[in-house]
Amino acid sequence: MVEGTCKPGFERVAEAFEANFVKNGEVGASVCLTAGGETVVDLWGGVTEPKSGTPWKQDTVSIVFSCTKGATALCAHILASRGQLDLDAPVVELWPEFGQHGKQAVTTRMMLDHSAGVPALRAKVKDDGPYDWTYMTERLAGEEPFWVPGTRNGYHGFTFGWTVGEMVRRASGKSLGTFFQEEVAKPLGLDFWIGLPEEIEPRVAPILPHVYKTEDMKTPFLLDLGTNKQSPAAQFFFNIGAWRAGGANTRAGRAAEIGAANGVTNARGLAGMYAPLANGGGKLVDAKTLARMGEVSMATHDDATLRIPTRFALGFMKSMDNRKRSLGAKLFGEDCDSVILGSAAFGHVGAGGSLGFADPAAGLSFGYTMNRMGPGLLMNGRGQSLVDAAYLSLGYKNKDGGVWAR
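Residues numbered from 1 in each chain as written. Predicted model: local features only at pLDDT ≥ 70, side-chain atom pairs only at ≥ 80, totals over all residues. Heavy atoms only, no water.

J.: Which residues make up the nonpolar core, and what are the values?
T.: The biggest cluster of nonpolar side chains holds 120 residues, and the ones touching the most others in it are Leu33, Leu277 and Phe366. Beyond its immediate chain neighbours, meaning those up to four positions away, Leu33 contacts Phe10, Val13, Glu38, Thr39, Val40, Val41, Leu364, Ser365, Phe366 and Ala390. (Core = buried A, V, L, I, M, F, W, Y, C linked by side-chain atoms within 4.5 Å. Buried < 20%, exposed > 50% of the residue type's maximum accessible area, 1.4 Å probe, protein only. Contact = heavy atoms within 4.5 Å.)

Below, the structure written as structure tokens:
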């Protein structure tokens, strides 16, 4: 069921990965770790589709949903490192149209840490809207903010791809997907795309969505979806055109450049993208930029969209331990609304439980992808068990000198 390589000392990662198939309902998945820039775990297993039984192969890839935000954010930081994008300058210096309805003071920093005030669009998005870059950026430029920009944060779950992505496009002169491919994926040798070429389609594992039962609709986020149709949560979740109706499993949905949601890769691609960031920045960013990438920029006890406590760096998630603070953790399993990482780590979760991150303090980069989505807003037990095994394998020490524990 499981293939690949696992170096001595990291056997517990392989054991946790295998246990996910045996005990935790994993269908198809991949996991990859680098330590000190060396690949120490590269495993894959299961099937791409339960009905066909097609094996998940070494080069199988899948949609990684919001893990894409990490790739988009990295593009912005590369430009900032080169002096081509000032994260603290008003966005209107590059994107004048965005300054409508009180958004003239929005900065790229605010876009990156989800405080820009446009977590969703209010008026109905046309079906093919998410596949039309100009349409989405024009709609966002004309949108009235949900709050005074910079005063609070709410996860920009879908809009992040066009707010930050448009800044990348205007600063670089290239589309987001082209910039990422030319400046990150190709130089690092990654199978990772924002805007999938048609020839890669046969390698894609379809996503198997998690279906919530009516009696599960009790968390603040799920209640917003059911009872508050004008909330950021409901607008973000429902008002996304054809993407809402299974767009992740369509050619159109994978071909478009949706910098918040439709990156296609595998664990090797995620770990490979973060590997330079776990080891000084490589040729991607300078030391000052790398340090800024891992700093907490915005945190709240009640994210305006997700309705859980969240902590964000500039475009990346930081460790969020909501096991005792989230109703979702009680309903769906303690790891469902958390992502528990080392204090220096930064990266991004994808819907259903995929994850990529770098931990510069541990010299660790990590990637996990799967096709069966789990419940909750952040991780679930499958991915978190792999993270725990990775840190334990490294003998990771907390600040108090103790071994990894959570």
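J.: Describe helix H4 (residues 133-141), listing the residues and the values that go with them.
T.: Since there are 3.6 residues in each turn of an α-helix, residues three or four apart along the chain are aligned in direction. Where burial is concerned, most of H4 is hidden: seven out of the nine residues are buried. By the burial criterion, the buried members of H4 are Trp133, Tyr135, Met136, Thr137, Arg139, Leu140 and Ala141. Each element contacted by the buried residues of H4 is listed here: helix H5 (160-172) and helix H6 (176-188). The opening residue of H4, the one whose side-chain oxygen lies 3.3 Å from the backbone nitrogen of Thr134, is Asp132. (Helix = DSSP H or I, 4+ residues; strand = E, 2+ residues; numbered from the N terminus. Polar contact = N/O pair within 3.5 Å; in protein donor to acceptor, adjacent residues only side chain to side chain.)

J.: An account of the pattern of salt bridges is requested, with residue identities and associated values reported.
T.: Counted by the stated rule, this structure contains 20 salt bridges. Of the charged contacts, one joins Asp88 and Arg109 as a salt bridge, the two residues approaching to 2.6 Å between their closest N and O atoms. With Asp88 in the loop between helix H2 (67-81) and helix H3 (108-112) and Arg109 in helix H3, this residue pair connects regions lying 21 residues apart in the sequence. Asp88 gets classed as partly exposed once you look at its relative accessible area, which sits at 42%. Residue Arg109 is classed as partly exposed on the basis of its relative accessible area of 26%. Residue Lys126 pairs with Asp132 through a salt bridge whose shortest N-O separation is 3.5 Å. For Lys126, a relative accessible area of 33% gives the class partly exposed. What makes Asp132 partly exposed here is its relative accessible area of 26%. Each member of the salt-bridge network shares a partner with another, and the members are Arg82, Lys174, Glu182 and Glu183. (Salt bridge = Lys/Arg side-chain N within 4 Å of Asp/Glu carboxyl O.)

J.: Would you mind going over unusual backbone geometry in detail, with residue names and values included?
T.: Here the phi dihedral of His114 falls at roughly 65°; this positive angle occurs in a residue that is not glycine. Following the sequence through the fold, His114 ends up in the loop between H3 and H4. Of note, the phi angle at Arg307 is positive, near 60°, even though the residue is not glycine. Looking at where Arg307 falls in the secondary structure, it is placed in the loop between strand S7 (298-300) and strand S8 (310-312). Residue classification places Arg307 among the partly exposed residues on the basis of a relative accessible area of 27%.

J.: Give a description of the pairing of strand S2 (residues 28-35) that names residues and reports values.
T.: With eight of eight residues buried, S2 is to be regarded as a mostly interior element. Side chains of S2 alternate between two faces, with Gly28, Ser30, Cys32 and Thr34 and Ala29, Val31, Leu33 and Ala35 buried alike. Where S2 lies against strand S3 (residues 38-49), eight bridges are found, and the strand directions are antiparallel. Among the inter-strand pairings, Ala35 is bridged to a residue of S3, identified as Glu38. Note that S2 and strand S11 (residues 364-370) share seven bridges and pair antiparallel. Residue pairing for S11: Cys32 is matched across the bridge by Gly367. (Pairing = 2+ DSSP bridges.)

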